[in-house]
Amino acid sequence: EDGGLFVPVSIPKLDVSLNELKDMSYQETAYAVMKQFLTDFTEEELKEKERTIEALNAKIAGGQVEDLFKNTIEVGSMKLIFAKMEAASEELRTLGDQVKSRANDVVAVFAGVDGAKGTVLAVCGSDAVKAGAHAGKLVKEITAMLGGKGGGRPDSAMGGISDIAGIDGIKDKVIELVSAQVNK
């Protein structure tokens with residue numbers, strides 16, 4: 001009879017090591033673990049569900065973009081977006097790409113928290129890059145302040161951080177860093 005709590009008779013062996021699991025996103029980890037228990041679904045059905053979830057996450061990110069643009073900070077002739085959110089690095093990257101494609105004069109810095117992992121993503125629109133903004137340099141300085149490291153290209157960069165609690169106190173410093181880059 002169905003309708004109760006699922007309690008497995010035995011715990012299946014994972015086909016990935018714990019070392020590999022620690023480097024996976026939440027979604028990848030959930031998929032690797034749950035596919036061992038959901039044996040009544042084919043591999044293709046599980047992959048299709050994963051694609052559906054990714055598409056829904058992209059739609060949610062699109063809605064977030066609208067809200068983010070309502071709270072921009074003017075720094076010179078640029079718009080700065082600074083936000084902390086519960087998000088894995090893949091979600092941050094999707095959100096950053098959507099922000100960058102929406103406005104050329106934007107610099108966005110997102111701090112994502114995914115469990116105990118912290119990630120900083122910076123993106124700069126084409127006009128912002130021409131004005132001197134550099135996402136890689138921003139991420140390098142911001143992650144250093146938060147016990148991590150990172151860097152990247154002028155238009156997009158990412159890094160990991162260990163001081164998640166410190167995110168709340170860096171907004172003014174981010175404004176100062178962006179201002180120094182675009183007001184040369």
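Below, the structure is looked at part by part. (Residues numbered from 1 in each chain as written. Predicted model: local features only at pLDDT ≥ 70, side-chain atom pairs only at ≥ 80, totals over all residues. Heavy atoms only, no water.)

**Observations regarding the pairing of strand β2 (residues 78-86)**
Two faces, one strand: in a regular strand the side chains alternate between the faces of the sheet. Heads up, the rule is: By the convention used here, strands pair only if DSSP detects at least 2 bridges between them. Only DSSP runs of H or I with at least four residues qualify as helices, and only runs of E with at least two residues qualify as strands; both kinds are numbered from the N terminus onward.
Two strands pair when backbone bridges link them, and strand β1 (residues 73-75) and β2 are joined in this way by 3 bridges, in the antiparallel orientation. The residue of β2 that forms the bridge with Val-75 is Met-78. Two successive antiparallel strands, β1 and β2, enclose a turn made up of 2 residues, where Gly-76 displays a positive phi of approximately 65°. Examined bridge by bridge, β2 and strand β3 (residues 106-114) share 8 bridges and lie parallel to one another.

**Focus on the nonpolar core**
Test applied: Only buried Ala, Val, Leu, Ile, Met, Phe, Trp, Tyr and Cys residues count toward a nonpolar core, and they belong to the same one when joined by side-chain atoms within 4.5 Å. To sort residues, take the accessible area from a 1.4 Å probe on protein chains only and compare it with the maximum for the residue type: under 20% means buried, over 50% means exposed, and anything in between is partly exposed. Two residues qualify as a contact provided that any one of their heavy atoms is within 4.5 Å of a heavy atom in the partner residue.
Counting residues in hydrophobic clusters, the biggest one holds 27 residues, and the most contacted among them are Val-107, Ile-142, Ile-167 and Val-174. Contributing elements (two or more residues each) for this core: β2, β3, β4 (117-124), α6 (135-145), β6 (156-161) and α7 (171-182). Val-107 has contacts with Lys-79, Leu-80, Ile-81, Val-123, Cys-124, Ala-128, Ala-133, Leu-138 and Val-178, leaving out every residue within four places of it along the chain. Among the nonpolar cores identified, the runner-up in size contains 17 residues, and Leu-68, Ala-83, Leu-92 and Ala-103 belong to it.

**Side note on the sheet that holds β2**
Cut-off, in case you're wondering: Angular values range over 0 to 180 degrees, each being the angle between N-to-C directions of two axes fitted as lines to C-alpha atoms, with helices fitted over their stretch in contact.
With mixed pairing, 6 strands are arranged side by side in an open sheet as β1-β2-β3-β4-β6-β5. In the strand order of this sheet, the two ends are held by β1 and β5 (149-152), each with one partner. Direction aside, neighbouring strands of the sheet carry axes that sit 15° apart on average.

**Here we look at the packing of aromatic side chains**
The following threshold applies: Paired rings are identified among Phe, Tyr and Trp, the last through its six-membered ring, by centres lying within 6.5 Å, and are further divided according to the angle between planes into stacked (under 30 degrees), edge-to-face (over 60) and tilted (the rest). Throughout this description, the term charge over a ring refers to an Arg CZ or Lys NZ atom that lies within 6 Å of the ring centre and within 35 degrees of the ring normal.
Applying the stated criterion to the full structure yields 0 aromatic pairs. Cation over ring: Arg-102 sits above Phe-69, and NZ or CZ is 4.3 Å from the ring centre.

**Observations concerning α6**
Filter applied, for reference: Summarising the geometry, the arc corresponds to the directions from the helix axis toward the C-beta atoms.
Taken residue by residue, α6 has Ala-135, Gly-136, Leu-138, Val-139, Ile-142 and Thr-143 as its buried positions. Burial along α6 is one-sided: seen end-on, the buried residues are contained in an arc of 155°. Facing away from the buried surface of α6 by more than 90 degrees, the exposed residues are Lys-140 and Ala-144. Looking one or two residues past α6, Gly-147 carries a phi angle of roughly 70°, positive in sign.

**Remarks on the packing of α6 against α7**
Counted only if it meets this: For this classification, under 35 degrees means roughly parallel, over 145 means roughly antiparallel, 65 to 115 means roughly perpendicular, and everything else is oblique. Whether a crossing is left-handed or right-handed is set by the direction in which the near helix is turned from the far one by less than a right angle, anticlockwise for left-handed and clockwise for right-handed.
Relative to each other, α6 and α7 sit at 155°, their axes nearing to 11 Å. The angle between α6 and α7 places the two elements in the roughly antiparallel class. Crossing angle aside, the handedness with which α6 passes α7 is right-handed. For the pair α6 and α7, the contacting residues are Lys-137, Leu-138, Glu-141, Ile-142 and Met-145 in the first and Lys-173, Val-174, Leu-177, Val-178 and Gln-181 in the second.

**Considering the side chain of Thr-143**
Condition: Polar contact criterion, stated in full: a pair of N or O atoms within 3.5 Å, where within protein one must be able to donate a hydrogen and the other to accept it, and residues adjacent in sequence count only if both atoms are side-chain atoms.
By the element assignment, Thr-143 lies in helix α6. Polar side-chain contacts of Thr-143 include one of 3.3 Å to the backbone nitrogen of Gly-150. Contacts of Thr-143, omitting those with residues within four sequence positions, involve Val-120, Gly-148, Lys-149, Gly-150, Gly-159, Gly-160 and Ile-161.

**As for the pairing of β5**
In terms of strand pairing, β5 meets β6 through 4 bridges, oriented antiparallel. Considered in β6, the bridge of Gly-151 is made with Met-158.

**Side note on the environment of Lys-117**
By the secondary structure assignment, Lys-117 is in strand β4. By relative accessible area, Lys-117 is classed as partly exposed at 39%. In the structure, Lys-117 is positioned 30 residues away from Ala-87 in sequence and 9.7 Å away in space, judged by C-alpha atoms. Discounting residues that sit within four places of it in the chain, Lys-117 has contacts with Lys-22, Asp-23, Met-24, Gly-112 and Ile-164.

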